[in-house]
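A closer look at the structure
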Amino acid sequence: MELNEATAHDAQPSRRPGAKRVVNEARILVAAEEVFAEAGYAAASMAAIAERAGLPKANLHYYFGTKEQLYRRLLDSIADGWQETMDLFTADSDPAEAFRLYIADKIEFSRRRPRASKIFANEILHGAPHFLLPTQGRVRERFERHCAVIEGWGRDGKIAPVDPHHLFFVLWASTQHYADFDVQVGALLGKKALGAEDYRAATDLITRMVLATLGLEKPR
């Protein structure tokens, strides 16, 4: 059974109300991330997820009634992780520091949770039927809020003017590439798996490109 650091809480007893539910839901989401990434939504089964989580199937249905409900919850958790990182962009933030931290966090997400990125990419490639329609308003509102901050930095002369929408699209494509296409990247680098030095190199290059574009750092 392959469960990553998200299950570490299992070994740490807690007296908080509902702690068992929180731990079990986290355990299920980790297992679901593995199974959905390996099998795809259509072929994945609740039985396989329960087995991977080390829980009876009845327990799985107690926390998540259907496969679609579990899948949507997983997609929300992936999107929320990315959205929380975007909260670095506030009117009072230092632009250069915000972009440095954002790019580093996005690359770290790709390193730590490549399956999650692939699941989300596959969902989008299929028209996002389980994610976009139910959440489009909420996701877009938050996205526009962060874009407005960057536009404000441009008006105030803190950065060179830039279309923040397309800037984010470029950042997502470049940072998530190291998760979605890790096999290709590894093959072209002559490696079976990417190492810490590869993620550091990617972070450094993308950061320098963005900061140079925004007039925050001179190109080397």
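Residues numbered from 1 in each chain as written. Predicted model: local features only at pLDDT ≥ 70, side-chain atom pairs only at ≥ 80, totals over all residues. Heavy atoms only, no water.

Our next topic: the layout of surface pockets. Volume-wise, the largest pocket comes out at about 760 Å³. Within the residue set of the lining of the largest pocket, elements represented by two or more residues are helix H4 (67-86), helix H5 (95-112), helix H6 (114-125), helix H7 (132-155) and helix H8 (164-180). At seven residues, the largest contribution of residues to the lining of the largest pocket is made by H8. Taken together, the residues of the lining of the largest pocket sort by class into 16 nonpolar, five polar and four charged. (1 Å grid on protein atoms, 1.4 Å probe; cavity = no way out; pocket = protein on both sides within 12 Å on 5 of 7 lines; lining within 4 Å. Points joined across faces, edges and corners; volume = space filled by probe spheres on them. Helix = DSSP H or I, 4+ residues; strand = E, 2+ residues; numbered from the N terminus. Nonpolar A, V, L, I, M, F, W, Y, C, P; charged D, E, K, R; others polar.)

Moving on: empty space enclosed by the protein. Scanning all chains against the criterion turns up one cavity of 30 Å³ or more. Estimated volume of the largest cavity: approximately 50 Å³. In this structure, the largest cavity is lined by Asp76, Ala79, Asp80, Gln83, Phe131, Arg138, Val139 and Arg142. If you list the elements that add at least two residues to the lining of the largest cavity, you get H4 and H7. Looking at the lining of the largest cavity, the element that brings in the most residues is H4, giving four residues. Of the residues belonging to the lining of the largest cavity, the class tally is three nonpolar, one polar and four charged.

Another aspect to go through is the environment of Arg208. Along the chain, the position of Arg208 falls in helix H10 (residues 196-213). A relative accessible area of 24% means that Arg208 is categorised as partly exposed. Taking the C-alpha atoms as reference, Arg208 lies 9.0 Å from Arg100; in sequence the two are 108 residues apart. (Buried < 20%, exposed > 50% of the residue type's maximum accessible area, 1.4 Å probe, protein only.)

On to H10. Look at H10: 26 Å from first C-alpha to last across 18 residues, which is about the 26 Å you get at 1.5 Å a residue. Those residues of H10 that are buried lie in contact with H5, H8 and helix H9 (182-189). After H10 finishes, the residue Gly215 shows a positive phi value of roughly 75°. (Expected span 1.5 Å × (residues − 1). Contact = heavy atoms within 4.5 Å.)

This paragraph deals with the packing of aromatic side chains. Inspection of the entire model under this criterion finds 18 aromatic pairs. Taking 5.0 Å as the distance between ring centres and 80° as the angle between the ring planes, the aromatic pair formed by Tyr62 and Tyr63 counts as edge-to-face. In this structure Tyr63 comes out as buried when scored by relative accessible area, which is 10%. Seen in terms of ring centroids, Phe143 and Trp172 are 5.6 Å apart; in terms of plane orientation they differ by 45°. Their pairing is tilted. Within this pair, whereas Phe143 is found in helix H7, its partner Trp172 is found in helix H8, the two being separated by 29 residues in sequence. Assessed through its relative accessible area of 26%, Trp172 is described here as partly exposed. Through a chain of ring-to-ring contacts, the aromatic side chains of Phe89, Phe99, Tyr102, Phe143, Trp153, Phe168, Phe169 and Trp172 assemble into a single cluster. Directly above the aromatic system of Tyr41 lies the positively charged group of Lys67, at a separation of 4.5 Å from the ring centroid. (Phe/Tyr/Trp six-rings, centres within 6.5 Å; stacked < 30°, edge-to-face > 60°. Lys NZ or Arg CZ within 6 Å of the ring centre and 35° of its normal.)

Another point: H4. With 20 residues, H4 ought to run about 28 Å at 1.5 Å a step, and its terminal C-alpha atoms sit 29 Å apart, in line with that. Of the positions making up H4, those classed as buried are Lys67, Leu70, Tyr71, Leu74, Leu75, Ile78, Ala79, Trp82, Gln83, Thr85 and Met86.

Shape is all these values report; function is a separate question.
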